[in-house]
Amino acid sequence: MAREKTASGPTRVAIVRGLRTPFVKAGTSFSTLSALDLGRMVVQELVQRADLDPSEIDQVVFGQVIPGLTGPSIAREVVLAAGLPRKIDAFTVNRACATSIQAMVSAAQFISLGQSHVAIAGGTECMSDVPIFTSRPLAQALTAASKGRNLADKMKPFRNLKGADLLPVPPAIAEYSTGASMGESAEKMAKENGISREEQDRIALASHQHAAQAWAEGRFDGQVMHVMVPPTYERVVEKDNIVRADTNLAALGQLKPVFDRKYGTVTAGNASPLTDGAAALLLMSEARAKALGYEVLGFLRSYAFAATDPGEQLLQGPAYATPIALERAGMKLADIDLVEMHEAFAAQVASNLQALASPAFAKKAGWKEPVGEVDRDRLNVTGGSLALGHPFGATGARIVTQALTELKRRNKNTVLCTVCAAGGLGAAVVLERA
Ligand SMILES: CC(C)(COP(=O)(O)OP(=O)(O)OC[C@H]1O[C@@H](n2cnc3c(N)ncnc32)[C@H](O)[C@@H]1OP(=O)(O)O)[C@@H](O)C(=O)NCCC(=O)NCCS
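In this text, all values refer to a predicted model and were calculated from it rather than measured experimentally. Here, residues in each chain are numbered from 1, in the same order as that chain's written sequence. Totals for whole chains, interfaces and linings use all residues, but because this is a predicted model, local features are given only for residues with pLDDT of at least 70 and pairs of side-chain atoms are given and counted only at 80 or more. Side-chain measures were taken over the full set of non-hydrogen atoms in the model, leaving aside hydrogen atoms and water.

### Observations concerning the site of the ligand
Whether a residue is near a molecule or strand is decided by its heavy atoms; if any one of them lies within 4 Å of it, the residue is near. The full set close to the ligand counts 20 residues, and Lys25, Met182, Arg244, Thr247 and Ser272 are the nearest of them. Contact with the protein chains hides 64% of the accessible area of the ligand, taken as 980 Å² for the molecule alone. Classification used: nonpolar for Ala, Val, Leu, Ile, Met, Phe, Trp, Tyr, Cys and Pro, charged for Asp, Glu, Lys and Arg, polar for all others including Gly. Here the residues of the shell around the ligand are counted per class, giving 13 nonpolar, 5 polar and 2 charged. Note on areas: Shrake-Rupley, 1.4 Å probe, and residue coverage restricted to the protein chains presented here.

Encoded structure:
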């Protein structure tokens, strides 16, 4: 296999370190924090743990899927809040649930072109702190009132408001183009692909069992920082709080469907929960990593993004992106040691695995042959988003760190990481250790 020049560009891009905060259910341990707090903490700690002189950093690429209204360019805010040198360039990316895969790829593109040598890429999300909107009539009244010269003028715009205009408007976790929620889209995929409730619950159970085992064996210790919660810093969050070591098929089987209460199969147990957390990666050109004396976790061998019609099967992006990333890596699925697939919903995981192995899907997609059967024993071996949670902006960087750390532990070489995202998007990357 050629090593000098990879599909990711002329210069090999090294992933030197990865780190994340604990991932916690929205409204729990991080309920008083913001996405910026979490992003700042993980970047500061990543730089400290790497013992990196911050002046070496050229660029920070960071993402947040549901941006706050006060600091929408989260990447630059992270640089400033983390106390990094203010000369560091930063830009914000958003590719829905694949946001921090995009952050990694964007940073890698600058590195592979020689325009940057050391970068931090990642993402953050705080579903405990999502912006709540006002209705358009109330927003217009507030704007008009702000221009009033006296109290009477300021009160006038509110006179014609109706009661319903005062209701807060939360952000929708739904497709703008179709109006369908993510959960409804997962239901559609389960029905159209014939994915049973039992299969979904089995995938959820495996996710919890793998994640619980990884925690119990200390495999996450180097990947997950402790968060001392401001302002008193007396409370320390050390672990994820969604993983259930004690769940079982019977308990999962008793949960009621959420998105189609009558005929559905998607439940709180086989859907990823709303989550708070942040994750970051330290990237360098291979040469710079060597010059600075870093041991490399892995290299970005290839990447691909693809899209499908959101009105069809919204979360089928991984099935479309995977063969492109493999082809760009010059590899077949059989060459891959481990597979990490983001678990938005168990139904989406099962649907994508089915598509990758299906001759009918291959024909529809215009491929010569199916990509292949993913060996379930190599899939999400330390748990996925169903058990660990899914802070949208942070999941990609979490997956990359987890995958490369596990590859090293097993002394294996290659991993395929793939993530579905809103809009019918899919991301896939091939990473290698040597
Ligand atoms: C599905 C969803 C609505 C459930 O939210 P919720 O009602 O707050 O979920 P909870 O955590 O309270 O779980 C509901 C119940 O299921 C139980 N449960 C959840 N997971 C379980 C598991 N693995 N094993 C056993 N029980 C479980 C909980 O204990 C709870 O039981 P209780 O009501 O007796 O306390 C929410 O997680 C959601 O919207 N997820 C989808 C997010 C999304 O769209 N993401 C985008 C993906 S791309």
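Let us keep going from here.
### Concerning the packing of aromatic side chains
Each pair of aromatic rings taken from Phe, Tyr and Trp, with Trp reduced to its six-membered ring, is defined by centres within 6.5 Å and is described as stacked if the planes are under 30 degrees apart, edge-to-face if over 60, and tilted in the remaining cases. Per the stated rule, a full pass over the model turns up 6 aromatic pairs. For the pair Trp215 and Phe220, a centre-to-centre distance of 5.3 Å together with 75° between the ring planes defines the contact as edge-to-face. Here Trp215 and Phe220 have matching classes, each one buried. By the ring-pair criterion, three or more aromatic residues cluster together here, those being Tyr320, Phe361 and Trp367. When the ring centre of Phe305 is taken as reference, the NZ or CZ atom of Arg95 above it lies at 3.8 Å. Only protein chains enter the area calculation, which uses a 1.4 Å probe; residues under 20% of their type maximum are buried, those over 50% are exposed, and those in between are partly exposed. Lysine and arginine charges are scored as sitting over a ring when NZ or CZ, respectively, is within 6 Å of the ring centre and within 35 degrees of the ring normal.

### Observations concerning the packing of helix H3 (residues 99–112) against helix H14 (residues 395–410)
Axis separation between H3 and H14 bottoms out at 5 Å; the angle between their running directions is 70°. Relative to H14, the element H3 is oriented roughly perpendicular. Contacts from Ser100, Ile101 and Met104 in H3 reach Thr395, Gly396, Ala397 and Val400 in H14. Here the residues of the contact of H3 with H14 are counted per class, giving 4 nonpolar, 3 polar and no charged. The convention used is that axes are lines fitted to C-alpha atoms, helices contributing only their stretch in contact, and that angles between N-to-C directions extend from 0 to 180 degrees. Strands here mean DSSP runs of E at least two residues long; helices mean DSSP runs of H or I at least four residues long; both are numbered from the N terminus. We call two directions roughly parallel when the angle between them is under 35 degrees, roughly antiparallel when it is over 145, roughly perpendicular when it lies between 65 and 115, and oblique otherwise. Contact definition: two residues touch when any of their heavy atoms are within 4.5 Å.

### Topic: H3
When the terminal C-alpha atoms of H3 are compared, their 20 Å separation across 14 residues agrees well with the 20 Å that a helix rising 1.5 Å per residue should span. Taken across its 14 residues, H3 has 12 buried, putting it largely inside the fold. Every buried residue of H3 is accounted for by Thr99, Ser100, Ile101, Gln102, Ala103, Met104, Val105, Ser106, Ala107, Ala108, Ile111 and Ser112. Where H3 terminates, the next one or two residues include Gly114, which has phi positive at roughly 80°. Expected helix span is computed as 1.5 Å times (number of residues minus one).

### Comments concerning the side chain of Ser34
Turning to its location among the elements, Ser34 is positioned in the loop between strand S2 (24–25) and helix H1 (35–49). Classification of Ser34 by relative accessible area gives buried; the value is 18%.

### A closer look at the pairing of strand S3 (residues 59–63)
Counting buried residues along S3, 5 of its 5 residues qualify, which places the element largely inside the surrounding structure. Every second residue of S3 is oriented toward a common face, with Gln59, Val61 and Gly63 on one face and Val60 and Phe62 on the other, all of them buried. Strands were regarded as paired on the criterion that DSSP finds at least two bridges between them. Note: S3 against strand S4 (residues 89–93), 5 bridges, orientation parallel. Bridged to Gln59 within S4 is Asp89. With helix H2 (residues 74–81) bridging S3 and the parallel S4, this β-α-β connection has right-handed handedness. As defined by bridge partners, S3 adjoins strand S5 (residues 118–126) across 5 bridges and the pair is classed as parallel. Bridging across to S5, Phe62 finds its partner in Gly122. We call a crossover right-handed when, viewed with both strands directed away from the observer, the connection leading from the first strand over the helix to the second proceeds clockwise.

### Describing the pattern of salt bridges
Whenever a carboxyl oxygen of Asp or Glu lies within 4 Å of a side-chain nitrogen of Lys or Arg, that contact is scored as a salt bridge. Considering all chains together, one arrives at 20 salt bridges under this definition. Notably, a salt bridge pairs Lys364 with Glu312, separated by 3.7 Å at the nearest N-O pair. With Lys364 in helix H12 (residues 359–365) and Glu312 in the loop between strand S9 (298–307) and helix H10 (317–329), the pair connects residues that are 52 residues apart, well separated along the chain. Residue classification places Glu312 among the partly exposed positions, given a relative accessible area of 39%. The network of salt bridges with shared partners includes Glu217, Arg219, Glu406, Arg409 and Arg410.

### Comments concerning unusual backbone geometry
The omega torsion across Pro230 and Pro231 is 5°, close enough to zero to call that bond cis. Checked against the element boundaries, Pro231 lands in the loop between strand S6 (227–229) and strand S7 (235–237). At Ala96, a residue that is not glycine, the phi angle is positive and equals roughly 45°. Under the relative-accessibility criterion, Ala96 is labelled buried at 12%. Of note in the backbone geometry, Asn411 takes a positive phi value of approximately 55° without being a glycine. Residue placement: Asn411 occurs in the loop between H14 and strand S11 (414–421). In this structure Asn411 comes out as exposed when scored by relative accessible area, which is 61%.

So far we have only geometry, and geometry alone does not tell us how the molecule works.
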